[in-house]
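Each chain is listed here by its residues.
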Amino acid sequence: MAQVDSAPVARLMGAVPPPALVLIGIVSVQVGAAFAKRLFEVLGAAGTVSLRLFLAAVVLLLIWRPSVRVDRRTLLVVAGYGTVLAAMNLTFYQALDRIPLGAAVTIEFLGPLAVAVAGSRRWLDGLWALLAAGGVLLLTRAEGGLAPGGVLFALAAAACWAGYILLTAKLGSQTSDGKGLALAMAVGALVALPFGVTSAGAALFDPVVLAAGLAVALMSSVVPYSLELQALRRIPPRVFGILMSLEPAVAAVAGLLVLGEQLKPAQWAAVCCVVIASVGATRSARPEV
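Described below are features of the structure shown in this document. What you see is a predicted model; the values in this text were computed from it and never measured.

### Section: the pattern of salt bridges
Applying the stated criterion across every chain yields a total of two salt bridges. The salt bridge involving Lys37 is made with Glu261; its shortest N-O contact spans 2.5 Å. With Lys37 in helix 2 (residues 18–37) and Glu261 in the loop between helix 12 (247–259) and helix 13 (265–283), the pair connects residues that are 224 residues apart, well separated along the chain. Each member of the pair, Lys37 as well as Glu261, carries the same accessibility label: buried. Salt-bridge contacts for Arg122 lead to Asp125; the nearest nitrogen and oxygen are separated by 3.2 Å.

### Structural notes on the environment of Ala56
Along the chain, Ala56 turns up in helix 3 (residues 40–64). Considering only alpha carbons, one finds Ala56 and Arg283, 227 residues apart in sequence, at a separation of 33 Å. If we ignore the near neighbours within four places in the chain, the residues touching Ala56 are Met185, Ala217, Ser221 and Val222.

### Describing the nonpolar core
In terms of nonpolar packing, the biggest core is built from 78 residues, with Tyr81, Phe92, Leu101 and Met185 touching the most fellow members. Counting residues per element, this core draws most heavily on helix 3, at 14 residues. The residues touching Leu101, leaving out its near neighbours within four places in the chain, are Gln30, Ala33, Ala34, Lys37, Phe92, Leu96, Ala251, Ala254, Gly255 and Glu261. In this structure, Leu113, Val117, Ala277 and Ala281 belong to the second largest nonpolar core, which totals five residues.

### Topic: the packing of aromatic side chains
Here the structure, examined in full by the defined rule, presents five aromatic pairs. Residues Tyr81 and Tyr164 carry aromatic rings whose centres are separated by 5.4 Å and whose planes lie at 50° to one another, so their mutual orientation is tilted. Of this pair, Tyr81 sits in helix 4 (residues 72–96) while Tyr164 is found in helix 8 (residues 148–174), placing the two residues 83 residues apart along the sequence. The same class applies to Tyr81 as to Tyr164, namely buried. Relative to Tyr225, the ring of Tyr164 lies with its centre 5.7 Å away and its plane at 50°, an arrangement referred to as tilted. In this pair, Tyr164 is assigned in helix 8 and Tyr225 in helix 10 (residues 207–232), connecting sequence segments 61 residues apart. Across the pair, exposure class does not vary: Tyr164 and Tyr225 are buried alike. Counting every residue linked through ring pairs, the aromatic cluster contains Phe40, Phe92 and Tyr93.

### Here's the deal with helix 4
Look at helix 4: 36 Å from first C-alpha to last across 25 residues, which is about the 36 Å you get at 1.5 Å a residue. Looking at where helix 4 begins, the residue whose side-chain oxygen comes 3.1 Å from the main-chain nitrogen of Arg73 is Asp71.

### Structural notes on the packing of helix 4 against helix 9 (residues 179–200)
Contact geometry for helix 4 and helix 9: axes closest at 7 Å, N-to-C directions at 50°. The orientation of helix 4 with respect to helix 9, classified from their angle, is oblique. In the crossing of helix 4 with helix 9, the sense of the turn from one axis to the other is right-handed. Facing Val78, Ala79, Tyr81, Gly82, Thr83, Leu85, Ala86 and Leu90 of helix 4, the residues of helix 9 in contact are Gly180, Leu181, Leu183, Ala184, Met185, Val187, Gly188, Val191, Ala192 and Phe195.

Rules of the game
- Residues numbered from 1 in each chain as written.
- Predicted model: local features only at pLDDT ≥ 70, side-chain atom pairs only at ≥ 80, totals over all residues.
- Heavy atoms only, no water.
- Salt bridge = Lys/Arg side-chain N within 4 Å of Asp/Glu carboxyl O.
- Helix = DSSP H or I, 4+ residues; strand = E, 2+ residues; numbered from the N terminus.
- Buried < 20%, exposed > 50% of the residue type's maximum accessible area, 1.4 Å probe, protein only.
- Contact = heavy atoms within 4.5 Å.
- Core = buried A, V, L, I, M, F, W, Y, C linked by side-chain atoms within 4.5 Å.
- Phe/Tyr/Trp six-rings, centres within 6.5 Å; stacked < 30°, edge-to-face > 60°.
- Expected span 1.5 Å × (residues − 1).
- Polar contact = N/O pair within 3.5 Å; in protein donor to acceptor, adjacent residues only side chain to side chain.
- Axes fitted to C-alpha atoms, helices over the stretch in contact; angles between N-to-C directions.
- Parallel < 35°, antiparallel > 145°, perpendicular 65-115°, else oblique.
- Left-handed = near helix turned anticlockwise from the far one by under 90°.

Below, the structure written as C-alpha cells:
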C-alpha cells in the first residue's frame, strides 16, 4: 500500500495560526457530527462511532506511519487517550441519538468547564460554574425539556471530555507530529469496534455507507483532533479553552442548518449561558507557569 508523505501536512499546520486551527476544528467536528447523525438509521449510534474511528485510524496511520515501539510511559498515555476517546464518542453519539446536537454539546461542555475551574477557590469561578449549571438546567427543563437518557449520556460524555483534554496535553508532550494521535486512534477504534459490530453488523461493509463514514471520519476525527493537538503544542490550555467555548453555539447552528433541529428561545439562552460561563472561567483562570 502506498505511503503518504506526512512532512507537507506538518508544515501546512505549522504555518496556520493556532486560533485558526482550533476554529477550523470546531466547525469541522460539529458539521461532521451533524452528518454522522444521518447514518444512525443505518448503523445505529455505536455503529457510526465504530466506523468513524476505524476509518480515521486508517487515514492517520497512513499519513503518520508511527512506530509501535514506544516507552512504557508513552504507551500508557496513548492507551489512556484512545480509551477515553472511544468512551467520549460512544456516549456522545448515544446522547445525539436522543436529543438535538446543540443540546448534547452544551451539556457535554460541562467537562471542559470543570477542567477550567477545577481546584479554584475564587468566588468568581464559582459564579461561572453556577451560570453554566443554570444554563444546563434551563436547557433540560425549557419548553418540554429533553429526553432523560440523552441528558445522562451527554453528562457521561462531559466526564470523558474532561479526561480527553488532560490527556491531549500529555499526548502532545510525549509524542511528535500526529504519530501518537494515530496510535491512540487505533486504540480507540479497537475499543469501539465490538459495540459497532453488535449494533450495525454487515451494514458496516456497504460501499455507500463506507464512503459516508469516511467523510464523517475526516470531518469529525482526523481534521479536528489533528488540529487541536497541533494547537495545544503552541498555545496555553487557557487560550485553547476560550476558543473551544464556541463549540456549543457552533453545534446548535450545525444542527439547525444540517439537520433542521430548532432549539426553543429558552434553549438558545441556555446555550449562551454555558458559552459565557466557559469564556469567563477560562479567561479568569490562573496563567500557566
